[in-house]
Amino acid sequence: MALDSAIALLILSSNIASNHKQQPPPQMVNNSFVIEIVSSIHERYHFKNFVFYISERLALDTEISNDFFHDFWETFPTVPSMLMINNNQSMAGFLSTPSLCLILTTGFDDPIMKLASVGMRGVRFLKTIFIYFPILSSEAYNLKDYNRFTEGIRRLYAWIWRKQFINCLLVTVDNNIFIHEPYPTLQIINVTSQWNSSTFFVDYSTDFKGYAIESPVRYDLPRVFFMTGPRYGLGKKQPHLSGVSGILFMVFVNYINASYDESEIDGHEDDPVNLLEIIKMIELKQLEISMNSYTGILGLNIGSSYPIGINDWCMMVPYRNETPAHMYLQRSFRSYTWYLMCFSVFYIALGLWLSTPPSRRDISLSLLQAICSMVMISPMRILNVSSARIRFLFVLLFIMGFFITNLYLTKMASFLTASPEVPQINTVQDVIDAKLPIMIATHEYEIMMSKNFPAEFMALMVPVSKGEMDKHRDKFNNSFGYSIQSDRWDFLNIQQRFMKKPMFHLSEMCMGPFYHIFPMQKDSHLTKPLQKFIMTAFQFGLMSYWNTEAFADALYLDYVTIIVEEDIVLPLSLTFFRSIWMVWWFGLLLSGLAFSLEVKWHLLQRSRESLKNFYLHLRTVKWLKVKN
């Protein structure tokens, strides 16, 4: 039933090409020979799927429907097969490996070739057999037809290499089999007389036979930069590449036995990298791969390597590392502690005032006694009480308060005392409040514009070129904040490892995560070897080692510096005790106001008594006059 449906599909699909102009029929390939080759390969690799891309020109020929597919499915009845004639659906994600793709074509310009390249985007590393049905004038072709035949094979392999079908072979008329040896330069080899399953699909992933890889070198600390000489007289004596990505790239080139084209070192190694320009070169097929890696925030439509890291895109901002001297004592306790102490003073004073007999109540005395109790200082009045037990208790309270007060002051004046934490710039609102300009790359500004940040925040953005950014950011100019990726921050932050308080810190304003990748052409023949190499480098800890080596190289070239603080002990000034001065002056004002009120109240009471006596005197005089 499945066979009949497939044959019907082929016959129906031939209607699409029925209106094409008449041309010589394609020469037929030996079906049995093709099946023999597939059987030999299947015994070795045990394929899980077969995918057929069939030219519409061949769908017109019923021999393929009646003979080839009939024999094929009888030979492989249990292996799932898919027929693709005019369906450009991508096979990526639908095929299990190992799978075999068979492309039945009449030439490099056959529409099925474009369909196959689109459908196999992302899976062109799968093993592929091109079955070439040449269109010739006769079966017994002459010299002209032979030249056309060989030219067709050459063009087919040129197309195969351009589209990066690496694991492939070509079967054509007269039981001819061709393979290609791509390294160091493309060669087409006829293996008709001496083929076996091991001859096909040779693994070149660790031996590129000196294949030349081109990639320009541009400055991009810490990923790629150029060493003009040896570091401290050690290691390489000739100019060489450094940086985490640069070292990884060059070691990978050696690992696959390829070579780096020295002509790419063109005297512009100190120029800052222009990623958009490099990516444009890859899109136009002018460049195969770039050693200048980048973080995938750009989201451009090109191929990429296996990730060499996962980065966030964040803002690094100046670290607020100075506590105002007058805030030192105040911030020794949290705000709610001070509020609780103030409340306790008034609460105790109110309790003392209420518990005192009405005739002896004195609010100022109660307040002073409450303050003394809070700081564990006994007021002199307590020492005059008749109870020896109470006097002994307050003497102990005084001694304890003396020691605790001295311990506290000693701690506050100690050089080893850590200053209270200062609120840092961490959010968008913090940047707006601090009016901190943020320096970002020009292409990053366009991305941020699409993220709907507040207008006040975007007004603080300063779009600059890559070179201008590096000049300020790498030297830690704290007049600005900067956009930065995680790997770059980890590298630059090493400069601050010996500082008590850093100059910059990584804020909470982040986007991501994004893959850190090498830009390269889609379906590149370098993809699989590079993936294997990157995974091995991580497993053996080479990435950490190369990062350390890159920092040492950058330190030697003065691209970075180890920032050392000068430990100067400054004596405490009167400003340090500003909080105490403020409390003292505030206390003087309150006490003066309280004294003035008491004096006024006393004068008011005397005036009231005088008026009362005067009133009584008048009544007495009046009563005496009435009596007389």
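Criteria and cut-off values
- Residues numbered from 1 in each chain as written.
- Predicted model: local features only at pLDDT ≥ 70, side-chain atom pairs only at ≥ 80, totals over all residues.
- Heavy atoms only, no water.
- UniProt positions renumbered as here; feature names shortened; annotations may be inferred.
- Helix = DSSP H or I, 4+ residues; strand = E, 2+ residues; numbered from the N terminus.
- Pairing = 2+ DSSP bridges.
- Axes fitted to C-alpha atoms, helices over the stretch in contact; angles between N-to-C directions.
- Parallel < 35°, antiparallel > 145°, perpendicular 65-115°, else oblique.
- Left-handed = near helix turned anticlockwise from the far one by under 90°.
- Contact = heavy atoms within 4.5 Å.
- Nonpolar A, V, L, I, M, F, W, Y, C, P; charged D, E, K, R; others polar.
- Buried < 20%, exposed > 50% of the residue type's maximum accessible area, 1.4 Å probe, protein only.

(A) Broad picture of the UniProt feature "transmembrane region" (unreviewed entry) in the protein chain. Listed under "transmembrane region" (unreviewed entry) in the UniProt record, and renumbered for this structure, are residues 336-354, 366-384, 390-409 and 580-599. Span residues 336-354 is 100% helix and 0% strand, its end C-alpha atoms 27 Å apart.

(B) Fine view of the sheet that holds strand E3 (residues 99-105). With respect to topology, 7 strands assemble into an open sheet ordered E2-E1-E3-E4-E5-E6-E7, the strand pairing being mixed. Two strands bound the open sheet, and with one partner strand each, they are strand E2 (81-84) and strand E7 (187-190). Going from strand to strand, the sheet's axes swing by 20 degrees on average, the running direction of each strand aside. For strand E1 (residues 49-54) and E3, the ladder comprises 6 bridges, and the chain directions are parallel. When the sheet's bridge partners are listed, valine 51 is paired in E3 with cysteine 101.

(C) Here's a closer look at the packing of helix H9 (residues 335-355) against helix H10 (residues 363-374). At their nearest, the axes of H9 and H10 sit 8 Å apart, and the two run at 130 degrees to each other. By the angle between their axes, H9 is oblique relative to H10. Every pair of crossing elements has a handedness; the one defined by H9 and H10 is right-handed. On H10, the residues that touch Met341, Ser344, Val345, Phe346, Ile348, Ala349, Leu352 and Trp353 of H9 are Ile363, Ser366, Leu367, Gln369, Ala370, Ile371 and Met374. Within the contact of H9 with H10, the residues separate by chemical class into 12 nonpolar, 3 polar and no charged.

(D) Region of the structure containing unusual backbone geometry. Note that the residue after tyrosine 183, namely proline 184, is joined by a cis bond; omega there is -5 degrees. Here proline 184 shows up in the loop between strand E6 (176-181) and E7. Positive phi, close to 55 degrees, is recorded for phenylalanine 201, a residue that is not glycine. Take phenylalanine 201: it is sitting in the loop between E7 and strand E8 (212-213). When its relative accessible area of 10% is taken as the criterion, phenylalanine 201 is described as buried.

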